[in-house]
Amino acid sequence: MMDEGTELSFTIAQIVQRFKGTHLHSQLERQAKECLHRPDIKLESLKDDVRKFLKVSGWERKLQNAVCRELHIRPPPGHPAAPPEHTKEPLAYMRKAQASWEKRILKSLNSMCAELGVPLAHKRPLPEQRELSNKWNEMGTDEPDLSKFRPVYAPKDFLEVLISLRNPNLDYSEEVSSQSHWGLIQVPLHIRDIPKMRETCPELTLTTGQLGIDDHPHIPSDLFESEHVRLGKRVLSEQDSAAAQQYSRQGCPTGQRAELWALILNSTNEPEDIMHYEQLKAGVLQHDLLVDNLIYKDVKLTANNDDYYFVFEDFLYQVLLCFSRDTTVLEHFNYNSATPPKSYIQGKEEGDEYAVIYPPNGVIPFHGFSMYVAPLCFLYNEPSRLYGVFREMYMRYFFRLHSISSHPSGIVSLCLQFERLLQNHLPQLFYHLREIGAQPLSIAFKWMVRAFSGYLSTDQLLLLWDRILGYDSLEIVAVLAAAVFAFRAENLMEVTSLASAEAVLADLSTLKVMPLIQIFVFATVI
Amino acid sequence: MKSLSQTNFLKECHRRDKVILLKRDTMSNGPVDCVVKTPVSLQIGDTVTDTLRPGVYITDIVFPNGKPIKIQEMLFKNYYTAFLSVRLLRREDGHQDGAAAAAKWVTCVRNLPLMANPHTEAGSQDYFSLFRQQMLVEPDDVTSVRLILRQPSSAWLNFNIEEIKIYECANEDAQTGAPTWLSSLTPADEPLHLQGLPDPETVSSSIQQMWALTEVMQSNQTTASVGRFDVDGCYDINLLSYT
């Protein structure tokens, strides 16, 4: 707790420091210099005139959007005495659990390396580089022998770790404790129940128009849809990032979604972004990484087997291989409880100059990772643009789904929220499922870890992700998971085994997400 | 411009974040020497045979010099304490100095919530600062500090407050015996009084101050990384390191 004035000054100084030397900074300087030639800029009122010019020409809006993005990404300034690991994750036992999980992953990767005799990274010989460059747009046609490679971990391994999380200061001995909990997650994080969700998401209420409900063909479009589309056009012409985020809460029209998401995430496709993407591509060509094989395997196993996404196979390689080489992703480790894996250049002694991070972006992909990118392929067909939006979505949201932290949008909180919502509002169902050995989280976890990608039909998934962007939180994923159980409650009460419970919930492709969420949040009797 | 290697890049980013506030910290004094006594629990019933855990702890802090101090800031790390009250033992004015001076206990912080919900984790291991502006009474001539920690939830095994640091006000006061002409030379550190939204002029002038400090500290480097992940073109790696 610092006093308000100092906190504000600190945040401003921090953001200004970040912008220094960025492309936006040099563009603003150049614009300010060039506008001096204009006749309406007077020497007496120079400062005000330049400011007015920047405002009118749209540059102030660009700066506003960039500041908006910084505020979303950066955690609120913590206490100055707090060490950096406290900013990443305030709870000591969670940090420890994350560290030991990471060690397990490193061991697994190292043993795979040792078994196969393949180095983690090596320079690609020139002929191979040329060959890869030639078939850059059709890497999917390659059929390398991937049978020896196995994914480093799968979501169910991660779930086991989360289930075993224990707070050393919590009294687990009480039979009837202050919070009886039937679920698998045993840490007392603060989560939002339905009354709080109603307060936080008023735009989802039954009386407010929604895309996903009120754009149904049977409903005349002038009741909601055409007005909403017009509003979307206006938001895009104003290029206002914060307005776009607010707009997205009621859904984005299909024709405007790509631009709206790029605006919310402040992801641009300027020449320097394209150049950055080309630089990453060069990194892919020059060095061959073991994680590349993991990515190939993952795409072949997951996205390639999916009816909606197999057409985008080549795009997925182009994005994910470049993603692994992108060092700007390292920034997110400042607020991620995870730490990037380290290594040393072969043949050199261990010293800081030869220490490198592996892979360059610090993210080791797991089984299903490519599903984070696949839905975006429906929106963007330019690889550099697709890449920019995916990277921003990963650095804002997706990383929270596979690291152990106490953040309200972290996977631990989402799991707990799902279980609590179910226990509080469908206790009979929860009890029944527990009795037959079908803990609800064991079924719902795989949906939440992928933010439902690959389980819902694409148009429904995009409507869900609209709200993730709109509310800047992943909680809606936990709410949807509980809502799905509520929807299929009748069938689930009939089943008598885990296998049949899984069968009831195997196919979600016919579900309409917005009515489910709306009814669960706003029509449940409490 | 020297390009930073990746591991240093992260450290550098974080260092620059903190440099602004660290600079502010070193301008004021370091923490005052203090002795934190063992917490004493308040319980009804027999403390030995009763299996119920205490919900209230009292911790006293004394200053070994015996010199009364003027508190500017109290900094501490929470460990599952839900509510904090702070009482100060202040030396009364108008008395002769010496051991016979009367002292009075006053409450300067009453039931400050450290955890939003005593049953859940939020705030349980966070760092907090109490500034003199937030206290109910002026923390001047303080000889002893008493912390009253409350944790009503039965969920936790223990609760405490750790890493307590107390900072004194920067300017000298007359009671330490310094000549008055000396104190009139040193400019007093006026605490900022801000209500509601801060005045933009004040904010911008304080930013300019901090800005001048950071400009002095750093050379003309940007935080934008060059983006190369290899070391001089080489990125041949065998195994990951566990340290």
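Residues numbered from 1 in each chain as written. Chains lettered and ligands numbered in written order. Predicted model: local features only at pLDDT ≥ 70, side-chain atom pairs only at ≥ 80, totals over all residues. Heavy atoms only, no water.

1. So, the overall build of chain B
A tally of helices and strands in chain B yields three helices and 10 strands. Shown N-terminal to C-terminal, the secondary structure of chain B runs as helices and strands in the order α-β-β-β-β-β-β-β-β-β-α-α-β. Pairs at least 24 residues apart make up 78% of the contacts formed inside chain B by residues separated by at least 6 positions. In the structure as shown, chain B presents an accessible area of about 13,900 Å², 54% of it carried by carbon and sulfur atoms. (Helix = DSSP H or I, 4+ residues; strand = E, 2+ residues; numbered from the N terminus. Contact = heavy atoms within 4.5 Å. Areas by Shrake-Rupley, 256 points an atom, 1.4 Å probe, with all protein chains shown as cover.)

2. Here's the deal with the sheet that holds strand β9 (residues 160–168) of chain B
All names here are of chain B. The strand order across the open sheet built from three strands is β7-β4-β9, with neighbouring strands paired in antiparallel fashion. Single-partner strands in this sheet number two, and they are β7 (127–131) and β9. Ignoring which end each strand starts from, the neighbouring axes of this sheet average 20° apart. Pairing geometry for strand β4 (residues 71–79) and β7, over five bridges, is antiparallel. By the bridge assignment for β7, Lys77 is matched with Tyr127. (Pairing = 2+ DSSP bridges. Axes fitted to C-alpha atoms, helices over the stretch in contact; angles between N-to-C directions.)

3. A word on empty space enclosed by the protein
Enumeration over the complete set of coordinates arrives at five cavities of 30 Å³ or more. In this structure, the second largest cavity is lined by A:Arg150, A:Pro151, A:Val152, A:Leu294, A:Lys297, A:Asp298, A:Leu301, A:Pro365, A:Phe366 and A:His367. (1 Å grid on protein atoms, 1.4 Å probe; cavity = no way out; pocket = protein on both sides within 12 Å on 5 of 7 lines; lining within 4 Å. Points joined across faces, edges and corners; volume = space filled by probe spheres on them.)

4. Notes on the domain arrangement of chain A
Residue and element names in this part refer to chain A. Per the domain assignment, the segments of chain A are domain 1 (4–82) and domain 2 (91–151 + 268–393). Summarising the inter-unit geometry, the C-alpha centres of domain 1 and domain 2 are found 34 Å apart. Summing both sides of the interface, domain 1 and domain 2 together bury roughly 560 Å²; the carbon and sulfur share of this comes to 39%. Considering only the side of domain 1, the residues that lose the most area to domain 2 are His23, Ile73 and Arg74, jointly responsible for 60% of the buried surface there. Our count for the contact surface shared by domain 1 and domain 2 stands at one salt bridge. Residue Glu392 pairs with Arg69 through a salt bridge whose shortest N-O separation is 2.7 Å. (Domains from an automatic or database assignment. Buried area = accessible area lost by both parts, 1.4 Å probe. Salt bridge = Lys/Arg side-chain N within 4 Å of Asp/Glu carboxyl O.)

5. Some remarks on a nonpolar patch on the surface
All names here are of chain A. A cluster of nonpolar residues, Leu8, Ile12 and Val16, forms a patch on the protein surface that exposes about 200 Å² of accessible area. Relative to the helices and strands, Val16 resides in helix α1 (residues 4–19). Exposure remark for Val16: the relative accessible area of 39% places this residue in the partly exposed category. (Patch = residues over 30% accessible without salt bridge, like charges linked within 9 Å, V, L, I, M, F, W, Y side chains within 5 Å. Buried < 20%, exposed > 50% of the residue type's maximum accessible area, 1.4 Å probe, protein only.)

6. Brief notes about the side chain of A:Gln318
All names here are of chain A. One can find Gln318 in helix α15 (residues 313–324). Engagement of the side chain of Gln318 in a polar contact is seen with the backbone oxygen of Trp136, the distance being 3.1 Å. When near neighbours in sequence (up to four residues on either side) are disregarded, Gln318 contacts Trp136, Asn137, Met139, Tyr277 and Pro383. (Polar contact = N/O pair within 3.5 Å; in protein donor to acceptor, adjacent residues only side chain to side chain.)

7. A few points about the confidence of the model for chain B
In regions of low pLDDT, the predicted coordinates are not meant to be interpreted in detail. All names here are of chain B. With 63% of its residues at a pLDDT of 70 or more, chain B shows a mean pLDDT of 75. Note on residues 1–5: pLDDT is under 50 here. Beyond four places in sequence and across chains, it has four contacts. Considering only residues more than four positions removed or in separate chains, one finds that residues 19–27, a stretch of pLDDT under 50, has 13 contacts. Scored as a complex, the prediction yields pTM 0.86 and ipTM 0.87. (pLDDT = per-residue confidence, 0-100.)

8. A look at the packing of helix α17 (residues 411–425) of chain A against helix α19 (residues 440–449) of chain A
All names here are of chain A. In the contact formed by α17 and α19, the axes pass within 11 Å of each other and the chain directions differ by 135°. By the angle between their axes, α17 is oblique relative to α19. Note that α17 runs across α19; the crossing there is right-handed. On the side of α17, the interface is formed by Ile411, Leu414, Cys415, Phe418, Glu419 and Leu422, while α19 contributes Pro440, Leu441, Ala444, Phe445, Met448 and Val449. (Parallel < 35°, antiparallel > 145°, perpendicular 65-115°, else oblique. Left-handed = near helix turned anticlockwise from the far one by under 90°.)

9. Examining the packing of aromatic side chains
Residue and element names in this part refer to chain A. In total, this model carries 32 aromatic pairs over all chains according to the counting rule given. Where Phe369 meets Tyr394, the ring centres are 5.7 Å apart and the plane angle is 55°; that geometry is what we call tilted. With Phe369 in the loop between β4 (355–357) and α16 (383–396) and Tyr394 in helix α16, the pair connects residues that are 25 residues apart, well separated along the chain. On the accessibility criterion, Tyr394 (1% relative accessible area) is buried. (Phe/Tyr/Trp six-rings, centres within 6.5 Å; stacked < 30°, edge-to-face > 60°.)

10. Re the state of the cysteines
The full count for this structure, using the stated rule, is zero disulfides over all chains. Unpaired in this structure, A:Cys415 has its nearest cysteine sulfur neighbour in A:Cys201, at a distance of 19 Å. (Disulfide = S-S within 2.5 Å.)

11. Here we look at helix α12 (residues 254–264) of chain A
All names here are of chain A. Of all the 11 residues making up α12, eight are buried; the element is thus mostly covered by neighbouring parts of the structure. Along α12, the positions that sit buried rather than exposed are Gln256, Arg257, Ala258, Leu260, Trp261, Ala262, Leu263 and Ile264. Once α12 ends, the next one or two residues include Asn266, with phi positive near 55°.

12. Let's talk about the pattern of salt bridges
All names here are of chain A. Scanning the entire structure with this criterion turns up 22 salt bridges over all chains. The shortest N-O distance in the salt bridge between Arg230 and Glu227 comes to 3.0 Å. Of this pair, Arg230 and Glu227 both sit in helix α10 (residues 225–238), three residues apart, which is roughly one turn of the helix. Linked by salt bridges that have partners in common, Arg124, Glu128, Asp288, Asp292 and Arg325 make up one network.

13. Describing the pairing of strand β3 (residues 56–62) of chain B
Residue and element names in this part refer to chain B. In terms of burial, β3 is largely enclosed, as five of its seven residues are buried. Pairing of strand β1 (residues 35–36) with β3, which is carried by two bridges, proceeds in the antiparallel orientation. Across the sheet, residue Val36 finds its bridge partner in β3, namely Ile61. Pairing between strand β2 (residues 40–42) and β3: three bridges, direction antiparallel.

14. A word on the environment of A:Leu204
Residue and element names in this part refer to chain A. Tracing the backbone shows Leu204 in the loop between α9 (194–200) and α10. Remark: the alpha-carbon pair of Leu204 and Ile519, spanning 315 residues in sequence, is separated by 9.7 Å. Setting aside chain neighbours within four positions, we find Leu204 in contact with Gln210, Arg249, Arg467, Tyr471, Ile476, Met514, Ile517, Gln518 and Phe522.

15. Considerations on the nonpolar core
Proteins that are soluble and globular tend to have nonpolar side chains buried together. Ranked by size, the top nonpolar core spans 197 residues in total, and within it A:Tyr358, A:Phe390, A:Trp447, A:Phe485 and B:Val145 carry the most contacts. When residues of this core are assigned to their parent elements, the largest contribution, 10 residues, is made by helix α21 (residues 475–487) of chain A. When near neighbours in sequence (up to four residues on either side) are disregarded, A:Phe390 contacts A:Val319, A:Leu320, A:Phe323, A:Phe369, A:Tyr372, A:Val373, A:Leu376 and A:Phe398. With 11 residues, the next largest nonpolar core counts A:Phe19, A:Leu24, A:Ile41 and A:Trp59 among its residues. (Core = buried A, V, L, I, M, F, W, Y, C linked by side-chain atoms within 4.5 Å.)

16. Section: the environment of A:Leu120
Relative to the helices and strands, A:Leu120 resides in the loop between α6 (92–116) and β1 (121–123). Residues A:Leu120 and A:Thr510, 390 residues apart in the sequence, show an inter-C-alpha distance of 42 Å. Apart from residues no more than four positions distant in its own chain, A:Leu120 is found in contact with A:Leu109, A:Asn110, A:Cys113, A:Asp288, A:Leu289, A:Leu290, A:Tyr358, B:Ile237, B:Asn238, B:Leu239 and B:Leu240.

17. A closer look at the packing of α21(A) against helix α24 (residues 513–522) of chain A
Residue and element names in this part refer to chain A. Contact geometry of α21 with α24 gives a least axis separation of 9 Å together with a crossing angle of 90°. When the axes of α21 and α24 are compared, the pair comes out roughly perpendicular. Contact with α21, carried on its side by Ile476, Val479, Leu480, Ala482, Ala483, Val484, Ala486 and Phe487, involves Val513, Leu516, Ile517, Phe520 and Val521 of α24 and no other residues of that element. Here the contact of α21 with α24 is composed, by residue class, of 13 nonpolar, no polar and no charged. (Nonpolar A, V, L, I, M, F, W, Y, C, P; charged D, E, K, R; others polar.)

18. Section: α24(A)
Of all 10 residues that make up α24(A), eight are buried, and the element is covered over most of its length. Taken residue by residue, α24(A) has A:Val513, A:Met514, A:Leu516, A:Ile517, A:Gln518, A:Phe520, A:Val521 and A:Phe522 as its buried positions.

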